[in-house]
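Here's the letter readout for the chains.
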Amino acid sequence: MTKKNCLNENKNCQFTKEEQLKYASNYFRGNIKHELESHGVTNAFSEDSSFLIRFHGMYQQDNRDLRRERFLQKLEPLYSMMIRCRLPGGIITSKQWLEIDNYVKNYTLYGTIRLTNRQTFQIHGILKKNIKSIHKVLYNIQLDSIATANDVNRNVLCSSNPIETMIHKEVYEWTKKLSNHLLPKTNSYFEIWLDQKKISTTENEPILGKTYLPRKFKTALVIPPHNDVDIHANDMSFIAIIRSNKLIGFNVLVGGGLSIDHNNKNTWPSLAKELGFIQSDNILSIAESIITIQRDWGNRSNRKNAKTRYTINNFGFDIFKKEIEKRSCITFKQSYPYIFLNRTDQFGWKQDIYGNWNLILFIPNGRIFNSNNIFLKAGISEIAKIHSKKFIITANQNLVIANISSSEKDRINDIAISYGLIQKYSKIRLSAMSCVSFPTCPLAMAEGERILPFFLDHLEHILIKYNMFSEDIIFRISGCPNGCGRSLLSEIGLIGKSINRYNLYLGGNYIGTRIAKLYLENIDSEEIIKNLDILIHRWSSERNINERFGDFCIRSKIVKEILNPISDFW
């Protein structure tokens, strides 16, 4: 047995409880089916089953706003499930959208759809008794939630730019192939949620193994010059290399990730590192090799150090790269040069190379619902009824109504205007992002989605005060240090520590290729606004011509640039 396999195979290693549970679960069946069919007094799954259902794309949650009230009433928490769809590249048909919209309206506690920065949608507030019904709805419209949570390769991202149609289509096809190739092969999902019969008494997972990966794994494909998928936040990324308007292959990157643990210097964020260039038809072999190395070498005794970036740090980048080449029988070539210019979405009406139109809608906080003056959910549904083509969910939590013919354009535009889908927003609001956080995320330490408008209102006021309203700043909030809001790749990032208290990070850059540095720790919202007012005032008066806020923070030594996150981040 080699040293490299010790963490995965050696019986002397101290496996985590999660690893033991995965091993004993019979490919993630466990006791789920029995608990689903039993009609007890609880609306919750047991702790073990709650962990296992994540491998089927669900999280057990409760409404944390109501915990105390229900406790005083001697009621259990208001448990429900969140389900996340597998949607490679974020593409969904209008017919599929209508089915999801209808289900959400009739069978959920909250009646909303949430677009995520993993380029898919998730539905909150599904009661235990209704879980099978949503899986059957997904199956009937050729969707599923397989491998969208826990220790697997998650939903695969793809640049959502619908303008360069030929290139986007080709890269999107590789996105689907990657997603399908790296999927779990167990039939447990279909047996439990769709009542299909067990196909075989023996199962095998040739890529993922019996206990799958040590931790979650994220993959993205990007088409320069738009870094809309934040490639440096992913364990494995592929940068499309275009020459003479043709896709010739991909630069491959590994080891990106943003999750940390507060005050734990054994955790750190990392930008993905370049391995080299490969031809397009080698992408599946390279991806499989990277996944299996992480499967075999990743840390299974400490989940906080189990992500790919820690594996690379433990064994060395050069050794990791050589092992990829050995397993795939492919030698990396020198990376091609590329450039990123932005990572925000292009809003409004855009025409593609074939003359079709695309309407890119801003979805505040990624939450689709009807409010007093903006009827997002109803308006998108009305468009879906007459638009027979596709929608694209972006990695910035927005929505593209794609492939609109010239004859449809005016009618769809009228619907969009009448339902308030087209509004004027500031640049900082259009590029802002947050995770869901309270009230449903069990890991939330501070508000995310619900407090984002508060900060944006104040930031807009500050920008107006200093004649900077036309400028853009990448501003993001994460309710906890797990990195879902991608705050550490923003120019101004907040990471929650406790109720209304955050760490303030500064100095990421506009294109997402620099990690932000801690500026102030554990401060409340008023202190955050006060400090940002001072900093933006300085930026307005001291900056170089067209200098971005994050670049100004580094040049002015407000924070130190992170060159080596292991030594510089903390």
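Read on for a plain summary of the structure. All of these numbers come straight from a predicted model, not from anything done at the bench.

1. Let's talk about the overall build of the protein
Okay, so step 1: Tallying secondary structure elements over the protein gives 19 helices and 20 strands in all.
Okay, so step 2: In summary, the protein has a C-alpha radius of gyration of 23 Å against a globular reference of 25 Å for 570 residues, a match within 12%.
Okay, so step 3: In terms of overall dimensions, the protein has a C-alpha envelope of 65 × 55 × 55 Å along the principal axes.
Okay, so step 4: Counting across all 570 residues of the protein, residues that qualify as buried make up 60%.
Okay, so step 5: In the protein, once contacts between residues fewer than 6 apart in sequence are set aside, the share between residues at least 24 apart is 69%.
Okay, so step 6: Accessible area for the protein stands at about 23,700 Å²; split by element, carbon and sulfur atoms hold 50% of it.

2. Brief notes about helix α16 (residues 452-465)
Okay, so step 1: The terminal C-alpha atoms of α16 lie 20 Å apart, and with 14 residues this matches the ideal 20 Å at 1.5 Å per residue to within 8%.
Okay, so step 2: All of the buried residues along α16 are L452, F455, L456, L459, E460, I462 and L463. For α16, the arc enclosing every buried residue in end-on projection is 165°, short of the 170-degree limit, so these residues lie on one face. Looking at α16, the residues exposed on the side facing more than 90 degrees away from the buried face are H461 and I464.
Okay, so step 3: Buried residues along α16 sit in contact with α15 (427-430), β16 (433-434), β17 (475-478), β18 (492-498), β19 (501-506) and α17 (525-542).
Okay, so step 4: Where α16 ends, the next residue or the one after it, N467, has phi of about 55°, a positive value.

3. Topic: the side chain of N227
Okay, so step 1: Tracing the backbone through its elements, the reader meets N227 in the loop between β7 (219-222) and β8 (236-243).
Okay, so step 2: One polar contact links the side chain of N227 to the main-chain amide nitrogen of I231, over a distance of 3.1 Å.
Okay, so step 3: Excluding residues within four positions of it along the chain, N227 makes contact with V222, F340, N342, R343, I511 and G512.

4. A look at the pairing of strand β9 (residues 246-254)
Okay, so step 1: With 7 of its 9 residues buried, β9 lies for the most part within the structure.
Okay, so step 2: Examined bridge by bridge, β8 and β9 share 8 bridges and lie antiparallel to one another. Among the inter-strand pairings, I242 is bridged to a residue of β9, identified as L247.
Okay, so step 3: Across 5 bridges, β9 lies against strand β10 (residues 273-278) in antiparallel orientation.

Calculation criteria
Residues numbered from 1 in each chain as written. Predicted model: local features only at pLDDT ≥ 70, side-chain atom pairs only at ≥ 80, totals over all residues. Heavy atoms only, no water. Helix = DSSP H or I, 4+ residues; strand = E, 2+ residues; numbered from the N terminus. Rg over C-alpha atoms; globule rule 2.2 N^0.38 Å. Buried < 20%, exposed > 50% of the residue type's maximum accessible area, 1.4 Å probe, protein only. Contact = heavy atoms within 4.5 Å. Areas by Shrake-Rupley, 256 points an atom, 1.4 Å probe, with all protein chains shown as cover. Expected span 1.5 Å × (residues − 1). Arc of directions from axis to C-beta. Polar contact = N/O pair within 3.5 Å; in protein donor to acceptor, adjacent residues only side chain to side chain. Pairing = 2+ DSSP bridges.

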